Amino acid sequence: MEILAIDTGFGFTKATNNSKSIIFKSILGESTDIQFKGGILGESSPDENIHIEIDGQSYFIGEMAERQSNVRSFTLDQAQFFAAHLKPLALAAASRLSGSFLPTGLITGLPIGYFRAYRESVIKALQGDHKIVLTSLSGKREEKTIRINEVKVIPQPFGSLFNLMMNDLGELGEKKYVHEKIGIIDVGFKTSDFTVADKMRYSERGSKTTDTGISKAFGMIASKLHEKSGVNIELYRLYDAVDKGSIKIKGKEYDLKGPTDAVFSQLAASIASEVDRLWTDDWDIDTIVLTGGGGAALAKHLQPLINGQIVAVDPGKDPRLCNVKGYWKYGKHLWSRGVATPPTQDNGESTAG
Ligand SMILES: Nc1ncnc2c1ncn2[C@@H]1O[C@H](COP(=O)(O)OP(=O)(O)OP(=O)(O)O)[C@@H](O)[C@H]1O
Ligand SMILES: [Mg+2]
């Protein structure tokens, strides 16, 4: 069985089959008839150009939707996201990494706070055969059947933990994470997820999902820009601008370095105080893992505010991929070797579904 891992985040959809990983913005768009699809000079990456038909509906996905669709759908509302966005985003990712009719085991995750409410519906949406049609830049149609035999859903931040403690064969390499009490802070675009794994046992008390993701900070930047320029900027158009430190709107350049620093330090302060409150009784945590794309973006502001030994993402790697890489290793652990040892809940039940 092939192993495929998909992390459908509110900001970015991430997927890997271990030999290849892809990332695209979690945006769906209405497909339109385009005369020139690729780059004006030469080809652009196929991962930026996903045109897919699912259940008879045709979508542009990711950067293609951002650039080309008149009607775009990007949501930070969880009910809408899980009902309408998750399946097309996940299948678009699968279509890039899976062969037709290949039996596949899928590992995916949910924020801790949404785990109980959405686990069943995620499995239902993704398990089984999915007939899709991909249209390439040149207009060639390719039919494929994505065959998902089994779906496992795990709490998202465990992905980063598995990534740290397992190797590419799904074997436990870094034993310290197995024997220690680990706190994980996963800052994403919408959510921040906090969890504690005490010698591989999940602690409900120390786990929580809040809405203190990077979009909070982007929202404040967007409203300042709106005041100054009169233009309403969609939040997903700010990633590059914030990274660059400036944005050009209708020919006028606005500095973003100062405002970003201010809102990021404000966001880091609220995350740090959430951590303080949530882990009051867990003063014996050995190591704190700071992960997620937002974790890396806030690291500089967050690290001085958190007491404890912090492991941040390796700066040479894309921090957004930590969870999905761990999902894949967990899948390998589960399906290639036949023995599974997921974190157990206090009542001894497996949390992984
Ligand atoms: N190369 C990059 N391009 C864009 N954003 C990046 C990059 N590197 C880090 N980031 C940061 O990563 C954040 C998104 O992180 P991530 O992909 O973990 O969120 P998500 O999983 O989609 O959100 P959630 O967990 O709330 O569902 C962005 O808001 C940005 O601050
Ligand atoms: Mg995430």
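Relevant structure appears above.
One structure accompanies this document, and this report is about it.

Conventions and cut-offs
- Residues numbered from 1 in each chain as written.
- Chains lettered and ligands numbered in written order.
- Predicted model: local features only at pLDDT ≥ 70, side-chain atom pairs only at ≥ 80, totals over all residues.
- Heavy atoms only, no water.
- Helix = DSSP H or I, 4+ residues; strand = E, 2+ residues; numbered from the N terminus.
- Contact = heavy atoms within 4.5 Å.
- Axes fitted to C-alpha atoms, helices over the stretch in contact; angles between N-to-C directions.
- Parallel < 35°, antiparallel > 145°, perpendicular 65-115°, else oblique.
- Nonpolar A, V, L, I, M, F, W, Y, C, P; charged D, E, K, R; others polar.
- Core = buried A, V, L, I, M, F, W, Y, C linked by side-chain atoms within 4.5 Å.
- Buried < 20%, exposed > 50% of the residue type's maximum accessible area, 1.4 Å probe, protein only.
- Pairing = 2+ DSSP bridges.
- Near = heavy atom within 4 Å.
- Polar contact = N/O pair within 3.5 Å; in protein donor to acceptor, adjacent residues only side chain to side chain.
- Areas by Shrake-Rupley, 256 points an atom, 1.4 Å probe, with all protein chains shown as cover.
- Salt bridge = Lys/Arg side-chain N within 4 Å of Asp/Glu carboxyl O.

What the protein chain contains, in helices and strands, is 10 helices and 17 strands. Once the C-alpha set of the protein chain is aligned to its principal axes, its extents read approximately 60 × 50 × 35 Å. Of the contacts formed within the protein chain by residues at least 6 apart in sequence, a portion of 68% connects residues at least 24 apart.

Next up on the list: the packing of helix 8 (residues 257–278) against helix 9 (residues 293–302). At their nearest, the axes of helix 8 and helix 9 sit 9 Å apart, and the two run at 85 degrees to each other. Classified by the angle their axes make, helix 8 and helix 9 are roughly perpendicular. Contact with helix 8, carried on its side by D261, F264, S265, L267, A268, I271 and A272, involves A297, L298, K300, H301 and L302 of helix 9 and no other residues of that element. Of the residues assigned to the contact of helix 8 with helix 9, the class counts are 8 nonpolar, 2 polar and 2 charged.

Counting 43 residues, the largest nonpolar core has I185, L225, L238, I247, I271 and W279 as its most contacted members. Counting residues per element, this core draws most heavily on helix 8, which supplies 8 residues. If we skip the residues at most four places from it in the chain, W279 touches G183, I184, I185, F194, T195, V196, G206, I285 and I288. Counting residues in hydrophobic clusters, the runner-up holds 37 residues, among them I54, F81, L97 and V122.

With that settled, the discussion passes to the side chain of K25. Along the chain, the position of K25 falls in strand 3 (residues 21–25). In this structure, K25 is in contact with G11, F12, G62, E63, E66, Y236 and Y239, ignoring residues within four places of it in sequence.

As a further point, take the sheet that holds strand 16 (residues 287–291). Strand order in the open sheet made by the 5 strands is 13-12-11-16-17, with mixed pairing throughout. Each end of this open sheet is capped by a strand with a single partner; those strands are strand 13 (201–210) and strand 17 (310–312). For this sheet, the mean inter-axis angle between neighbouring strands, taken without regard to orientation, is 15 degrees. Judged from the 3 bridges that link them, strand 16 and strand 17 form a sheet pairing that is parallel. In the strand pairing of strand 17, V289 is matched with V311.

Unusually for a residue other than glycine, D55 sits at a positive phi of about 50 degrees. Here D55 lies in the loop between strand 5 (50–54) and strand 6 (57–61). Relative accessible area serves as the criterion here: at 60%, D55 is assigned to the exposed category. The phi dihedral of F101 falls on the positive side, at around 60 degrees, and the residue is not glycine. Note that F101 resides in the loop between helix 2 (78–97) and strand 8 (104–110).

The subject of this paragraph is the site of ligand 1. Near ligand 1 lie 16 residues; those nearest to it are F10, G11, K14, F189 and T191. Separating an oxygen atom of ligand 1 from a backbone N or O atom of F12 is a distance of 2.8 Å. Residue K190 places a main-chain N or O atom 2.8 Å away from an oxygen atom belonging to ligand 1. For ligand 1, the protein covers 83% of the area, taking 650 Å² as the surface of the free molecule. Listing elements by their share of the shell around ligand 1, those giving two or more residues are strand 2 (12–16) and helix 9. With 3 residues, helix 9 is the largest single contributor of residues to the shell around ligand 1. Residues of the shell around ligand 1, tallied by class, amount to 6 nonpolar, 7 polar and 3 charged.

Spatially, 3-2-1-8-10-9-5-6-4-7 is the arrangement adopted by the 10 strands of the open sheet, whose pairing is mixed. Among the strands making up the open sheet, the edge pair consists of strand 3 and strand 7 (72–73). Two strands pair when backbone bridges link them, and strand 5 and strand 9 (residues 128–135) are joined in this way by 3 bridges, in the antiparallel orientation. If you follow I54 over to strand 9, its bridge partner there is I132. Each of strand 1 (2–8), strand 2, strand 3, strand 4 (28–30), strand 5, strand 6, strand 7, strand 8, strand 9 and strand 10 (141–155) is contacted by helix 2, which is oriented at about 140 degrees to strand 1, the strand it contacts most. Of the strands in this sheet, strand 8, strand 9 and strand 10 are in contact with helix 3 (residues 115–126), which crosses strand 10 at around 150 degrees.

Okay, the pattern of salt bridges next. The final tally for this structure, using the stated rule, is 16 salt bridges. Between D55 and K87 there is a salt bridge, with its nearest N and O atoms 2.9 Å apart. One end of the pair, D55, is in the loop between strand 5 and strand 6; the other, K87, is in helix 2, and 32 residues separate them in sequence. For E234, the salt bridge identified is with R237, shortest N-O distance 3.7 Å. Classification of E234 as partly exposed rests on a relative accessible area of 28%. A residue is classified by how much of its surface remains accessible, and R237, at 49% relative accessible area, is partly exposed. Through salt bridges that share partners, K181, R205, D282 and D284 make up one connected network.

Note: strand 8 against strand 10, 7 bridges, orientation parallel. Each bridged residue has a counterpart across the sheet, and for L106 the counterpart in strand 10 is V151. Inspection of the sheet shows strand 9 paired to strand 10 by 8 bridges, in the antiparallel sense. Paired with H130 across the two strands is I146, which belongs to strand 10. Counting the residues in the hairpin turn of strand 9 and strand 10 gives 5 residues, including G139, whose phi is positive at 95 degrees.

No statement about biological role is implied by the geometric values presented.
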